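Working through the structure, step by step
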Amino acid sequence: MMSYIKSKNTTFFILFISCLCTTIIHAKESNLQRLANKMVPNQAKNIVFERVVNETDFFELETKGKKLIIRGNNGISMARGLNHYMRYYLHSTTSWTGHNLSYTSSLPIIKEKIHVNATLPLRYYLNYCTYSYSMAFWNWTQWEDEIDRMAMQGINMPLVAVIGQYAVWQNTLRRLGYSEKEILDFLPGAGYEAWWLMGNLEKFGGPVSQQFIERQTKLQKKMLDRMREYGMEPVLQGFYGMVPNSMITKFPNADIRDAGKWITYQRPAFLVPSDPLFTKVAQIFYEEQEKLFGKSRYYGGDPFHEGGNSEGINITEAASDIYKAMKANNPDAIWVLQGWGANPSYALLKGLKHGEALILDLMSCARPQWGGEPSSQSHREGGYLDHNWIWCALPNLGGRIGMYGKLHSYATGVIKAEHHPKGKYVCGVGTTPEGIGTNPIDYDMVYDMAWRTDSIDVKNWIANYTTYRYGSSNNNSKAAMQQLSTSVYNCPWAADGPQESYFCARPSLKIDRTSSWGTAHLYYQPINVLQALEHLLKAENELKEIDTYRYDVVDVTRQVLADYGKYIHKCIADAYYEKNTEKFDFYTSKFLQMISDQDLLLSTRKEFLLGEFIRQADACGADPMEKRMFINNAKRQITTWASVNSSLHEYAHKEWNGILSTLYAPRWKAYFNYLRAKLKGKNPKEIDFFTMETDWIESQEEFPAVPIKKEIEIAKTIYHNYANEIKQAYLK
């Protein structure tokens, strides 16, 4: 397979002309027919899928009579073909942020047959963190929708290494003599699985019930069945030496190392791969995983992720031994590694031969490490040596809310790599978000690059995107999206996702960021976002019934308020330093009112409801105690993250209805009262924000999980209340 990748252009042509046969898929119960019924319900009967045997991914669209013929070499290619037809002929789409699946009385005719080849064989998706920040409490309905979206983007290599690992490790440790209690002391709670599997922590947020373990196992089996039905090759978890710390005493003669700390957490121990016990544990692990989830060609897992004690370990030898155990399980195994920070080290890569590893350059869009962009702050002169790698975009960290994109990078990055000497082993594109549910524009553009031979003309692409996003060609909506594409969606630097909202920050007079590794500095002129909102609101009469339009109106209004909050915060700081109590009271009152308005605005969309997140967590629990634990995990993750005060606080903050009014607003109000007392010459007690946040986590306040359907009405009210003063502030 990997030799095929290196000469992909020639191979694509040869394989295309050597097509062998066609299989027409008629079965009503077929997965593709189910997808057509879902996306084009009233015309699905007129859509015919034909599978063509071919090694190269491609789709073909053709009209025959009243029928739309979609051909492809597998389910993914044909799903991508359906998506292409929906976008450019039906002007419809589905996304996390609203759906535009309007009724059509007939299928538009394709005048000339369309044939599109995949120019990159691998299309990767997901990050370990996504499973915890966005998917920790998902059910099958949510996963079915997500897998359908994956297929329609053409994704064929999703990460599926996370939720089923409870059962794999439970069965593995049982065979190693562990008691049920000892096993549960290793497994983390829902919402923290990602950092367990990356070797950052163990046990935290647990213990989980057997019912929850069985729920997750059943869910991952269904996920894998559907993915494989489409033709995807999921990435399962590999064994790389991470073991419970208790194994140090349980196997005292084995070479098991204390891996040290990750932030405030004790890492799991590391079983040195040269030790005979490693081979035994790896064999058991892979056997148990295969019993549950089948065999895979791709295995993930990163020893020494974000640090970890490797003193005295021969990393090159360790890499070779880890891969040897993978290969013993599957001779065709490929080790998938995350290109992040110093990982994977050159020492590790030197222990692997070409074709044995596949590196995800996690943030190629902003901090490329593949070696061809010396200006990158994460530049590696040697790139990934002679190993195959995937160009990835990482549009979101922590699942934070905010409009963000690097459209120019998405439109050109992988093409640049393909034509650079150090990019000769690039074999795919992907997205590796820590959180999803925002900014679908980023993902549409990245995955479009896998089906092109050239860079994207962003302006033309945006015009097409706007048409299928809203269902029609509308001058005002196009003007809005063009405005956004050159501002908030065109970040010029290596930002960690959206620019953070001050509303969500721990209160201070000086704020550079809301989370420890984020940034709140704007890279665009905020007046541009207000102007985009004005264009969107002008399209109300034509688009008000379109769900995607209503979401975008709310999201852009939210961004306008969040941006203006930074200006008002500066006014508060200036008034305080000037000791002007009148101005201080005026601006602090306005700031708190803006948080209240933001909370009301976001109550109109399910995507922005804390109550929906809490509802999902509650539904996963097997009994009242576990339900409470999962709810606390969910609330802790988006606030303090840890059970102690640490640099992790607010890493996964959410600008959502519910938390704005019950935590962020009271936190800011307490701080303003503190400052007001100081202005009066008093010496008030310092505020313990961590205690406030912990009390909020442990409170049992209920939050609405059903939106109030007044998106446009509330957005217009906010616009009229703030637009003039925002213009005066920004343009003076």
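Rules behind the numbers
- Residues numbered from 1 in each chain as written.
- Predicted model: local features only at pLDDT ≥ 70, side-chain atom pairs only at ≥ 80, totals over all residues.
- Heavy atoms only, no water.
- 1 Å grid on protein atoms, 1.4 Å probe; cavity = no way out; pocket = protein on both sides within 12 Å on 5 of 7 lines; lining within 4 Å.
- Points joined across faces, edges and corners; volume = space filled by probe spheres on them.
- Helix = DSSP H or I, 4+ residues; strand = E, 2+ residues; numbered from the N terminus.
- Axes fitted to C-alpha atoms, helices over the stretch in contact; angles between N-to-C directions.
- Parallel < 35°, antiparallel > 145°, perpendicular 65-115°, else oblique.
- Left-handed = near helix turned anticlockwise from the far one by under 90°.
- Contact = heavy atoms within 4.5 Å.
- Buried < 20%, exposed > 50% of the residue type's maximum accessible area, 1.4 Å probe, protein only.
- Pairing = 2+ DSSP bridges.
- UniProt positions renumbered as here; feature names shortened; annotations may be inferred.

Before going further, it helps to spend a moment on empty space enclosed by the protein. Under the criterion given, the structure shown has 9 cavities of 30 Å³ or more. Put simply, the largest cavity is a space of about 240 Å³. As for the largest cavity, its lining consists of 17 residues, of which Thr 94, Ser 95, Arg 149, Gln 153 and Asp 444 are closest to the centre. For the lining of the largest cavity, the secondary structure elements donating two or more residues are helix H4 (75-90), strand S5 (93-95), helix H6 (140-153) and helix H16 (440-448). Ranked by the residues each element gives to the lining of the largest cavity, the list is headed by H6, at 5 residues.

At a closest axis distance of 7 Å, the pairing of helix H18 (residues 475-485) and helix H19 (residues 526-538) adopts a crossing angle of 165 degrees. The pairing of H18 with H19 is recorded here as roughly antiparallel in orientation. For the element pair H18 and H19, the recorded crossing hand is left-handed. In this structure, H18 uses Asn 476, Ser 477, Ala 479, Ala 480, Gln 483 and Leu 484 to contact H19, whose residues at the interface are Asn 528, Val 529, Gln 531, Ala 532, His 535, Leu 536 and Lys 538.

This brings us to the pairing of strand S2 (residues 47-52). Counted residue by residue, S2 has 5 buried out of 6 residues, so it is predominantly covered. Judged from the 5 bridges that link them, S2 and strand S4 (residues 67-72) form a sheet pairing that is parallel. The residue of S4 that forms the bridge with Val 48 is Ile 69.

Before going further, it helps to examine the UniProt feature "domain: Alpha-N-acetylglucosaminidase tim-barrel" (unreviewed entry) in the chain. UniProt records the feature "domain: Alpha-N-acetylglucosaminidase tim-barrel" (unreviewed entry) for residues 123-452 in the present numbering. Structurally, residues 123-452 comprises 38% helix and 14% strand, and the distance from its first C-alpha atom to its last is 13 Å.

The strands making up a sheet associate through hydrogen bonds between their backbones, and the pairing can be parallel or antiparallel. Strand order in the open sheet formed by 3 strands is S11-S15-S12, and the pairing between neighbours is antiparallel. Since the sheet does not close on itself, it has two edges, and those belong to strand S11 (242-243) and strand S12 (256-257), each with one partner. Pairing analysis gives 2 bridges linking S11 to strand S15 (residues 269-271), with the strands arranged antiparallel. By the bridge assignment for S15, Met 242 is matched with Phe 270.

This brings us to unusual backbone geometry. Omega for the peptide link from Gly 206 to Pro 207 comes to 5 degrees, which places this bond in the cis form. For Pro 207, the position within the fold is in the loop between helix H9 (193-197) and helix H10 (210-230). Look at the link from Asn 343 to Pro 344: it is a cis peptide, with omega at -10 degrees. Of note, Lys 203 is a non-glycine position whose phi angle comes to about 70 degrees, a positive value. Assignment of secondary structure puts Lys 203 in the loop between H9 and H10. Taking relative accessible area as the criterion, Lys 203 reaches 43% and is therefore assigned partly exposed. Phi at Glu 306 takes a positive value of approximately 50 degrees, unusual for a residue other than glycine.

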